[in-house]
Amino acid sequence: MGMTIAQKIIKNHLISGSMVPGSEIALRIDQTLTQDATGTMAYLEFETMGIERVRTELSVAYIDHNTLQCGFENADDHRYIQTVAKKHGIRFSRPGNGICHQVHLERFGVPGKTLIGSDSHTPTGGGIGMLAFGAGGMDVAVAMGGGAYYITMPKMFKVNLTGRLRPFVTAKDVSLEILRILSVKGGVGAIIEWGGEGVKTLTVPERATITNMGTELGATTSIFPSDEITREFLKAEGREADWVALESDADAEYDRIIDINLDTLEPLIACPHSPDNVKKVAELKGTKVDQVCIGSCTNSSLMDMLKVAALLRGKTIDPSVSLSISPGSKQVLSMLASSGALNDILASGARVLECACGPCIGMGFSPNSAGVSLRTFNRNFLGRSGTADAGVHLVSPETAVAAALTGYVTDPRLLGEMPEITMPEAFRIDDTAVILPASPEEAKDVEVVRGPNIKPFPQSKAVGDTIEAPLTLKVGDNITTDHIMPAGAKILPYRSNIPHLSQFCFSVCDATFPERAKAAGESIVVGGSNYGQGSSREHAALVPMYLGVRAVIAKSFARIHVANLINAGILPLTFKNPEDYDALNQGDALALENIHAGMDAGEIVLKDLTTGQSIPLSCDFTERQKDMLKAGGLLAYTAGMN
Ligand code: MIC
Ligand code: SF4
């Protein structure tokens, strides 16, 4: 039988396991990336492993999330990451050099290689034919140390593209269309391969927009073939030598095939508060808009920005709208400047922000009270923008410009002619903002600088045979990691300070949770389906662990989060009968007994001591995961093996 692109890369990197969907496989990882909001923790974890130099082909530490520097915390953490990177063989991408996924695509991504990153949008690399996964910081630390990355062998989905996008309909609309079809849960357990004739009409940055947002489908990752268009992109980046051809075999089999005709797509918009709440832009026509933000790892490429500049040229934004533009990288910004396009943007009244995540993660530019914000980003989860009652919508750069110019949600096709923008034959290459690590000899003398914001790693507990604890919090479906451990300007600087972060745990759902959890000592949390979707932040597991959460019981879990829970020594269990979710009440006293035998049998019985009911729960752990839980998480497990 023929193979899909992903199966071919997996086969080339398989360390153990069999490539049967649903079984655990271990992969060799060629490249890793971290960003600063998850990176501090990942490097603290890497340091505990006592390995002198990373064992990957390439590891890069980016600074792009925490760049506000309102106090000493961010700057201290940056210094820590810079010095730890220098010492251990990791390249350091300075603040201002750009958003990790954009820069990685430009300067480091290689078709056919594996990449894991401590950021859920690492699958952006699939746009260039990499097999790229988002992972928790601990998994990235292990991969840097030369260890395998474990995943459940995914199913294979194919999206078959035909036709060609019409003017003002974009790759972002393709992403929103697939979210409309599949929902935020529809990609769970699958790798999404994009193929068909329509692929040949999409540039690498457009492909990367699509693989970036595959994360919002819950997919394990997304990937495009590596073809002549990929070769052209790499050539323009001065990296043609990195190109290899990659395509699926004609007789490759897929678990599901979805057809999208690019000709028939229209401009789309995701309404609050979920990326799959998709409507046609035309349906929201006339909605007043207060703020527009263009940028993020989804839509900040040079092509995106040149289109924006061309549409803004000679015009002024509506006085009632505030427009921000964050180019994805220094390369993008410098090419905008030298082409004159930056002037068109500035002259329109836009505010140009630095090349970083910025408003996407609530680092400034929060909307006004109950404000309507149109953003070219990938997530519009409740509260993520920093304004609790804001209505954040996700759109293409073209639709964003139409709203900025008119002050209302407007179909961008009304803007007239789409100016023709072509990919440059050569990008401006300047890697001076990527600092190379010290040589192995010099590395010995490099001092790792730690600021006072770095607090000791919280102690996890081994999962014993019994857990008796109250149900301190019951939440609903699609709880995101932004609910569990919010980010934003006030909280993000404390990503290496778990005790401080813990005050904000679940604050979007119930601000009393941290106090109640602490008072209870140990507790159990209950959730609905797709619990933990969104970010890869392991803080959404480490902070509950610090607050004494011993088990999370849900209808289903998101992939990266369930791995993070196990890595933190928290027992993730699912309802055998989803309707049993209704039988549990916040405050009930719960007991899990015979846990070890239950882990082997695949079923653990939950006793609700308050109501007297017994509820069967499923668990499907591999031997490795059972050992990790019994040891109290990945770090304790790894230490026990040495
Ligand atoms: C996000 O988009 O939510 C983030 C911020 O990039 C996260 C990582 C983090 O929480 O630090 C992600 O996507 O993994
Ligand atoms: Fe940064 Fe936003 Fe992309 Fe996350 S989604 S990496 S916060 S730009």
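Structure first, text after, so check above.
Reference entry: report on the structure contained in this document. (Residues numbered from 1 in each chain as written. Chains lettered and ligands numbered in written order. Predicted model: local features only at pLDDT ≥ 70, side-chain atom pairs only at ≥ 80, totals over all residues. Heavy atoms only, no water.)

### Section: the pairing of strand β10 (residues 190-195)
Now for step 1: Along β10, six of the six residues are buried, which leaves the element largely enclosed by surrounding structure.
Now for step 2: Relative to β10, strand β9 (residues 155-162) runs parallel, the two sharing six bridges. Its bridge partner lying in β10, lysine 155 is registered against alanine 190.
Now for step 3: Taking the sense of rotation as the criterion, the β-α-β connection linking β9, helix α6 (residues 171-182) and β10 turns out right-handed.
Now for step 4: Two strands pair when backbone bridges link them, and β10 and strand β11 (residues 221-223) are joined in this way by three bridges, in the parallel orientation. Directly across from isoleucine 192, in β11, lies its bridge partner serine 222.
Now for step 5: Between the parallel elements β10 and β11, the chain passes through helix α7 (residues 204-213) in a crossover that is right-handed. (Buried < 20%, exposed > 50% of the residue type's maximum accessible area, 1.4 Å probe, protein only. Helix = DSSP H or I, 4+ residues; strand = E, 2+ residues; numbered from the N terminus. Pairing = 2+ DSSP bridges. Right-handed = clockwise from strand over helix to strand, strands pointing away.)

### Concerning the site of ligand 2
Now for step 1: Taken together, His65, His101, Asp119, His121, Ser296, Cys297, Cys357, Cys360, Ile361, Asn378 and Arg384 make up the full set of residues near ligand 2.
Now for step 2: Counted by class, the shell around ligand 2 contains four nonpolar, five polar and two charged residues. (Near = heavy atom within 4 Å. Nonpolar A, V, L, I, M, F, W, Y, C, P; charged D, E, K, R; others polar.)

### Examining the sheet that holds strand β7 (residues 131-134)
Now for step 1: Within the open sheet, the six strands sit side by side as β7-β6-β3-β4-β5-β20. Their pairing is mixed. In this open sheet, the two strands that pair with only one neighbour each are β7 and β20 (434-435).
Now for step 2: Pairing of strand β3 (residues 31-34) with strand β4 (residues 58-62) involves four bridges; the strand directions are parallel. Paired with threonine 34 across the two strands is alanine 61, which belongs to β4.
Now for step 3: Each of β4, β5 (91-93) and β20 is contacted by helix α3 (residues 72-88), which is oriented at about 155° to β5, the strand it contacts most. (Contact = heavy atoms within 4.5 Å. Axes fitted to C-alpha atoms, helices over the stretch in contact; angles between N-to-C directions.)

### Considerations on the site of ligand 1
Now for step 1: Around ligand 1 there are 14 residues in total, and Asp119, Ser120, Arg495, Ser536 and Arg537 lie nearest to it.
Now for step 2: Between ligand 1 and the protein, one listed contact pairs an oxygen atom with a side-chain N or O atom of arginine 384 at 2.8 Å.
Now for step 3: Residue arginine 537 places a side-chain N or O atom 2.5 Å away from an oxygen atom belonging to ligand 1.
Now for step 4: Contact with the protein chains removes 97% of the 330 Å² of surface that ligand 1 exposes when unbound.
Now for step 5: A breakdown of the residues in the shell around ligand 1 according to their chemical character gives two nonpolar, seven polar and five charged. (Polar contact = N/O pair within 3.5 Å; in protein donor to acceptor, adjacent residues only side chain to side chain. Areas by Shrake-Rupley, 256 points an atom, 1.4 Å probe, with all protein chains shown as cover.)

### Focus: the packing of α7 against helix α8 (residues 228-236)
Now for step 1: Relative orientation of the contacting elements α7 and α8 amounts to 110°, with a least axis distance of 9 Å. The pairing of α7 with α8 is recorded here as roughly perpendicular in orientation. Facing Val204, Pro205 and Arg207 of α7, the residues of α8 in contact are Ile229, Thr230 and Phe233.
Now for step 2: Among the residues making up the contact of α7 with α8, the classes are represented as four nonpolar, one polar and one charged. (Parallel < 35°, antiparallel > 145°, perpendicular 65-115°, else oblique.)

### Some points on helix α16 (residues 513-520)
Now for step 1: Among the residues of α16, those classed as buried are Phe513, Pro514 and Ala517. Along the axis of α16, the buried positions cluster into a sector of 95°, meaning they face one direction only. Across α16 from its buried face, at more than 90 degrees, point the exposed residues Glu515 and Ala519.
Now for step 2: Check the buried side of α16 and you find it contacts β21 (467-474), β22 (523-526) and β23 (549-554).
Now for step 3: Two residues or fewer after α16 comes glycine 521, characterised by a positive phi angle close to 85°. (Arc of directions from axis to C-beta.)

### Considering the sheet that holds strand β12 (residues 256-261)
Now for step 1: Reading across the sheet, the four strands line up as β11-β10-β9-β12 and stay open at both edges, with parallel pairing between neighbours. Sheet topology places β11 and β12 at the edges, where each strand pairs with a single neighbour. The sheet shows a mean angle of 20° between the axes of neighbouring strands, direction not considered.
Now for step 2: Of the strands in this sheet, β9, β10 and β11 touch helix α1 (residues 5-13), which is tilted by about 125° from β10.

### Here's the deal with the pattern of salt bridges
Now for step 1: Scanning the entire structure with this criterion turns up 29 salt bridges.
Now for step 2: Its salt-bridge partner being glutamate 24, residue arginine 624 comes within 2.9 Å of it at the nearest N-O pair. Placement of the pair is arginine 624 in helix α20 (residues 623-631) and glutamate 24 in strand β2 (residues 24-27), with a sequence separation of 600 residues.
Now for step 3: Judged by its relative accessible area of 17%, arginine 624 falls in the buried class.
Now for step 4: Taking the shortest distance from any N to any O, the salt bridge between glutamate 398 and lysine 307 comes out at 3.6 Å. With glutamate 398 in helix α12 (residues 397-406) and lysine 307 in helix α9 (residues 302-312), this residue pair connects regions lying 91 residues apart in the sequence.
Now for step 5: On the accessibility criterion, lysine 307 (16% relative accessible area) is buried.
Now for step 6: In this structure, a network of salt bridges that share partners links the residues Glu266, Lys280, Asp411 and Arg413. (Salt bridge = Lys/Arg side-chain N within 4 Å of Asp/Glu carboxyl O.)

### A few points about the packing of aromatic side chains
Any aromatic ring pair is given by two values, namely how distant the centres are and how the planes are angled relative to each other.
Now for step 1: The final tally for this structure, using the stated rule, is six aromatic pairs.
Now for step 2: Ring plane angle 65° and centroid distance 5.7 Å describe the contact between phenylalanine 233 and phenylalanine 427, whose orientation is recorded as edge-to-face. On the criterion of sequence distance, the pair formed by phenylalanine 233 in helix α8 and phenylalanine 427 in the loop between α12 and β20 is long-range, its members being 194 residues apart. Of the two residues examined, phenylalanine 233 and phenylalanine 427, each falls in the buried class.
Now for step 3: Centroid distance phenylalanine 575 to tyrosine 581: 6.2 Å. Interplanar angle 85°. Geometry classified as edge-to-face. (Phe/Tyr/Trp six-rings, centres within 6.5 Å; stacked < 30°, edge-to-face > 60°.)

### Brief notes about the nonpolar core
Now for step 1: Core analysis: the biggest nonpolar cluster contains 99 residues, and Phe506, Phe513, Tyr531, Leu571 and Leu592 have the highest contact counts within it.
Now for step 2: In terms of residue count, the dominant contributor to this core is helix α5 (residues 137-144) (six residues).
Now for step 3: Not counting residues within four places of it along the chain, the set of residues in contact with leucine 571 comprises Val463, Ile467, Arg550, Ala551, Val552, Leu592, Ile595, Met599, Phe621 and Leu629.
Now for step 4: The next biggest cluster of nonpolar side chains, apart from the first, holds 56 residues, and it includes Phe168, Val372, Ala404 and Val434. (Core = buried A, V, L, I, M, F, W, Y, C linked by side-chain atoms within 4.5 Å.)

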